Amino acid sequence: MRDRAPAGMDIAAGEYGYDLWYFRHMLEAGAVDVLQADATRCGGITGFLRVGALVESRSMQLSSHCGPSLHVHPCCAVTNFRHMEYFHDHVRIERMFFDGVLTPINGELRPDLSRPGMGLEFKRADAARYAV
């Protein structure tokens, strides 16, 4: 894909990776310009940070996949962080089920340091009607 992309277009992929071997293979194959990881798939925050270290060891950059309020804290800890994927439809669903979902200000998300932990709180009562 990188060979066929328009000049100047960087290819980001990897959001379905679940272990370091997956990410390592993508890097060794030269498949991406920017590796993308999702903490909900790659071993949580620790796994996400490990992917960041792997990418940094190759002098590349890391992008996060969806769930911007979930990823904002670990992205702040990754020195080679490039960008965060932000889909309005995903954020709409996050707002339905979580308090503390962040709103971009001038195109940036910043952790809400006034909230404990990652700043998110599950709305059990709102989610209960969707339980199966």
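Residues numbered from 1 in each chain as written. Predicted model: local features only at pLDDT ≥ 70, side-chain atom pairs only at ≥ 80, totals over all residues. Heavy atoms only, no water.

S.K.: What am I meant to see in the pattern of salt bridges here?
M.R.: Where charged atoms of side chains with opposite charge meet at close range, the side chains can pair. Summed over all chains, the structure comprises 7 salt bridges. In this structure, the salt-bridge partner of Arg58 is Glu28, at a minimum N-O distance of 3.8 Å. Here the residue Arg58 occupies a position in the loop between helix H2 (44-57) and strand E3 (61-64), and Glu28 occupies one in helix H1 (residues 20-28), the gap between them amounting to 30 residues. Here Glu28 falls in the partly exposed class, since its relative accessible area comes to 45%. Taken together, the shared-partner salt bridges in this structure form one network comprising Arg24, Glu28 and Arg58. (Salt bridge = Lys/Arg side-chain N within 4 Å of Asp/Glu carboxyl O. Helix = DSSP H or I, 4+ residues; strand = E, 2+ residues; numbered from the N terminus. Buried < 20%, exposed > 50% of the residue type's maximum accessible area, 1.4 Å probe, protein only.)

S.K.: Explain the packing of H1 against H2 here, please?
M.R.: Two numbers describe a pair of packed helices, the interaxial angle and the distance between the axes. Two elements in contact, H1 and H2, have axes whose closest approach is 10 Å; the angle formed by their N-to-C orientations is 25°. In terms of orientation, H1 lies roughly parallel with respect to H2. The way H1 lies across H2 gives a crossing that is right-handed. For the pair H1 and H2, the contacting residues are Leu20, Phe23, Arg24 and Leu27 in the first and Arg50, Val51, Leu54 and Val55 in the second. Its residues assigned to classes, the contact of H1 with H2 shows 6 nonpolar, no polar and 2 charged. (Axes fitted to C-alpha atoms, helices over the stretch in contact; angles between N-to-C directions. Parallel < 35°, antiparallel > 145°, perpendicular 65-115°, else oblique. Left-handed = near helix turned anticlockwise from the far one by under 90°. Contact = heavy atoms within 4.5 Å. Nonpolar A, V, L, I, M, F, W, Y, C, P; charged D, E, K, R; others polar.)

S.K.: What exactly am I supposed to notice about helix H4 (residues 88-97) here?
M.R.: Residues that lie three or four places apart on an α-helix share one face, since the helix turns once every 3.6 residues. For H4, the set of buried residues is Val91, Glu94 and Phe97. All buried residues of H4 project into a common sector of 125° when viewed along the axis, lining one side. Of the surrounding secondary structure, the elements contacted by the buried residues of H4 are helix H3 (68-77), strand E5 (98-99), strand E6 (121-122) and helix H5 (124-128). (Arc of directions from axis to C-beta.)

S.K.: Even after reading the chapter, I still don't get the sheet that holds E3, so can you show me in this structure?
M.R.: Two orientations exist for strands paired in a sheet by backbone hydrogen bonds: parallel and antiparallel. Reading across the sheet, the 4 strands line up as E1-E2-E3-E4 and stay open at both edges, with parallel pairing between neighbours. In the strand order of this sheet, the two ends are held by strand E1 (12-13) and strand E4 (81-84), each with one partner. Running at roughly 170° to E4, H3 makes contact with strand E2 (34-37), E3 and E4 of the sheet. (Pairing = 2+ DSSP bridges.)

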